[in-house]
Amino acid sequence: MVFEKLREIISENMGIDKEDIKLDTSFEDLGLDSLDLVELVMNVEEAFGIEIAEGEGFKTVKDVVDYIEGLGR
Amino acid sequence: MKEVKIVSTGSYVPKKILDNEFLSSIVQTSDEWITTRTGIKKRHISNGENTSDLAYEAAKRAIYDANIDPKSVEAVIVATVTPDNFTPSVACILQERLNLVNAACFDINAACSGFLYALSVAASMIKGGLFSNALIVGAEVLTKVVDWQDRNTCVLFGDGAGAAFLKASQEKGILNYFIASDGSKGKLLKIPAVSVNNPFVSSFQPKPYVYMDGKEVFKFATEVIVSSIEKVLKNSNLTLEDIDLIIPHQANIRIIEFAAKKLKLPLDKFYINIQNYGNTSAASIPIALDEALKRGVVKKGNKVVLVGFGGGLTWGAALIEM
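Remember, predicted model here, so these are calculated numbers, not experimental data. (Residues numbered from 1 in each chain as written. Chains lettered and ligands numbered in written order. Predicted model: local features only at pLDDT ≥ 70, side-chain atom pairs only at ≥ 80, totals over all residues. Heavy atoms only, no water.)

## What to know about the pattern of salt bridges
Point 1. Summed over the entire model, instances satisfying the criterion amount to 20 salt bridges over all chains.
Point 2. Of the charged contacts, one joins B:Glu57 and B:Lys60 as a salt bridge, the two residues approaching to 3.4 Å between their closest N and O atoms. Of the two residues, B:Glu57 and B:Lys60 are both situated in helix 3 (residues 51-66); the distance of three residues between them amounts to about one turn of the helix.
Point 3. The class for B:Lys60 is partly exposed, based on a relative accessible area of 35%.
Point 4. B:Lys294 is paired through a salt bridge with B:Asp65; the nearest N and O atoms lie 3.2 Å apart. Here B:Asp65 lies in helix 3 and B:Lys294 lies in helix 9 (residues 284-294), a separation of 229 residues in the sequence.
Point 5. Here the salt bridges do not stand alone but share partners, grouping A:Asp33, A:Asp36, B:Arg37 and B:Arg254 into one network. (Salt bridge = Lys/Arg side-chain N within 4 Å of Asp/Glu carboxyl O. Helix = DSSP H or I, 4+ residues; strand = E, 2+ residues; numbered from the N terminus. Buried < 20%, exposed > 50% of the residue type's maximum accessible area, 1.4 Å probe, protein only.)

Below is the structure:
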């Protein structure tokens, strides 16, 4: 499941408790700044074997999940 | 094939300091924002000194430490993107000021990778037999080309210079090196020069300021710092365990932290002094190397990886045994 895997990546790379990462959590709530987001996008690209277009402007965990699921369609 | 040794190093930064607090008074920023995003606390800024003045001080120290006659220096290579002039080069200015009368002198431009380019060119020329020694310098007065109204870039840069004296040797010194470029991404990091204006043409003259696509450059830097370290180790048939210290270009603490995490290394395996100097482009690696040697962080016999990345885009790494 995309969300589970994404949660794993965020938790592992950013040192954030999995419990704190929900679908509607915003990256701002998690205390991630713009550089953290670049890093996160790189990790997601690697883990899912995808390319994420520039300037997607992800605000919440759900935004990323939707983006990845959208690619499969 | 001859070996090439780094015989001595030297560095210099202007005395005037620009701290985050002062920056907060000229642009909308804060010490907290700058520190968490970049790791920079302060940087040294020219009080009128130009690039050749900083290069002169750094080179003078390296020549003094090498204990050589300036007349015996055969080549001077200065890496800079902020030279005093289009011509004469900073290297030629050094020649006059330091009495390096028998040297061939020239500048090279590879932005923040400049010192690694200078080292590669000098080491290859010495190995090839054209020269038996070379003085290489990375020197910048980046604060000349900073837009003091752009809070995204003006907090990042500082001024300084670092130098090293290289010599042909029987002993192994510079074990391995490589340099690389990707001009197709040149627009991500730019400082415009002079536009074409003549009796037949009139062109827009952009301000000579650093323009940077921060996110994309961050992405490039984090990828290439890791792959360059791995590449220079692989080319040398060595592993991270053989390395005593990694001296990366000091662009942003977050790039170095990323590399440490990716390579599963403790952060103290990397030499970090960005908090004191900011990003000094071509000068950052030789300043850090000089500091690490003088503080005893790097000792004789230690194996050190130098790794740089920057505008062009350019990157490179070297593995040296001190």
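## What about the UniProt feature "domain: Beta-ketoacyl-[acyl-carrier-protein] synthase III C-terminal" (unreviewed entry) in chain B?
Point 1. Cross-referencing UniProt, the feature "domain: Beta-ketoacyl-[acyl-carrier-protein] synthase III C-terminal" (unreviewed entry) maps to residues 233-321 of chain B in the present numbering.
Point 2. Summarising residues 233-321 of chain B: 31% helix, 22% strand, and an end-to-end C-alpha distance of 13 Å. (UniProt positions renumbered as here; feature names shortened; annotations may be inferred.)

## Looking at the pairing of strand 13 (residues 314-321) of chain B
All names here are of chain B.
Point 1. Counted residue by residue, strand 13 has seven buried out of eight residues, so it is predominantly covered.
Point 2. Where strand 8 (residues 174-181) and strand 13 come together, seven bridges link them in antiparallel fashion. Note on strand 13: the bridge partner recorded for Ala180 is Trp315.
Point 3. By the bridge criterion, eight bridges tie strand 12 (residues 303-310) to strand 13 in an arrangement that is antiparallel. Looking across to strand 13, one finds that Lys303 is bridged to Glu321.
Point 4. Hairpin remark: strand 12 followed by strand 13, antiparallel, with three residues in the connecting loop; positive phi at Gly312, about 140 degrees. (Pairing = 2+ DSSP bridges.)

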